[in-house]
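Residue-level structural notes
Below are the chains, spelled out letter by letter.
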Amino acid sequence: MKLDRDTVSFKSLTKWYNLEESGKKPNTVRWLDAKEYSELVARPPNRIRIKTADHTRSFSRILKWWGVLDEYPGKDLVRYLVMFCWWE
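Computed from a prediction, not measured in an experiment: that's the story for all the values here.

What follows concerns helix 2 (residues 34–42). Three or more residues of helix 2 are buried, namely Glu-36, Tyr-37 and Leu-40. The buried residues of helix 2 all sit within an arc of 95° when viewed along its axis, so they share a single face. Facing away from the buried surface of helix 2 by more than 90 degrees, the exposed residues are Lys-35 and Ala-42. The elements touched by buried residues of helix 2 are strand 1 (2–4), strand 2 (7–12), strand 3 (27–33), strand 5 (58–73) and strand 6 (78–86). One side-chain oxygen at the N-terminal end of helix 2 lies 3.1 Å from the backbone nitrogen of Lys-35; it belongs to Asp-33.

This part is about the packing of aromatic side chains. Applying the stated criterion to the full structure yields 5 aromatic pairs. Here Phe-59 and Trp-86 contribute two aromatic rings whose centre-to-centre distance is 5.9 Å and whose plane-to-plane angle is 65°, an arrangement assigned as edge-to-face. Of this pair, Phe-59 sits in strand 5 while Trp-86 sits in strand 6, and the two are 27 residues apart along the sequence. On the basis of relative accessibility, which here comes to 1%, the residue Trp-86 falls in the buried class. The interplanar angle of 25° and the centroid separation of 6.3 Å between the aromatic rings of Trp-66 and Phe-84 together place this pair among those described as stacked. In this pair, Trp-66 sits in strand 5 while Phe-84 sits in strand 6, placing the two residues 18 residues apart along the sequence. The partly exposed category is assigned to Trp-66, whose relative accessible area is 21%. Assessed through its relative accessible area of 0%, Phe-84 is described here as buried. Pairwise contacts between aromatic rings join Phe-10, Trp-66 and Phe-84 into one cluster.

Below, the discussion takes up the nonpolar core. In terms of nonpolar packing, the biggest core is built from 15 residues, with Val-8, Phe-10, Ile-48, Ile-50, Val-82 and Phe-84 touching the most fellow members. Those elements giving two or more residues to this core turn out to be strand 2, helix 2, strand 4 (47–52), strand 5 and strand 6. Setting aside residues no more than four positions away along its own chain, Ile-50 makes contact with Phe-10, Ser-12, Tyr-17, Glu-20, Thr-28, Arg-57, Ser-58, Phe-59 and Trp-86.

Thresholds, definitions, all that
- Residues numbered from 1 in each chain as written.
- Predicted model: local features only at pLDDT ≥ 70, side-chain atom pairs only at ≥ 80, totals over all residues.
- Heavy atoms only, no water.
- Buried < 20%, exposed > 50% of the residue type's maximum accessible area, 1.4 Å probe, protein only.
- Helix = DSSP H or I, 4+ residues; strand = E, 2+ residues; numbered from the N terminus.
- Arc of directions from axis to C-beta.
- Contact = heavy atoms within 4.5 Å.
- Polar contact = N/O pair within 3.5 Å; in protein donor to acceptor, adjacent residues only side chain to side chain.
- Phe/Tyr/Trp six-rings, centres within 6.5 Å; stacked < 30°, edge-to-face > 60°.
- Core = buried A, V, L, I, M, F, W, Y, C linked by side-chain atoms within 4.5 Å.

Laid out in structure tokens, this is it:
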């Protein structure tokens, strides 16, 4: 995860990227560690940018909603399963 101003960015595998860019899958689900999640809550993004893993293509959308679907409380590491949904 990268958070820059009002935009959160992620990399996607090509098979998922194509569905996300086309609008057939207007969401992504990501595991975030506690630091990333705290940063997200402190500076809630208005936009999302998805890039291909090789950085050759990207698109940006306005976020409709994001929220925690699940939490994994490990001994030394807490992780949050977060879903991001966007407008087409």
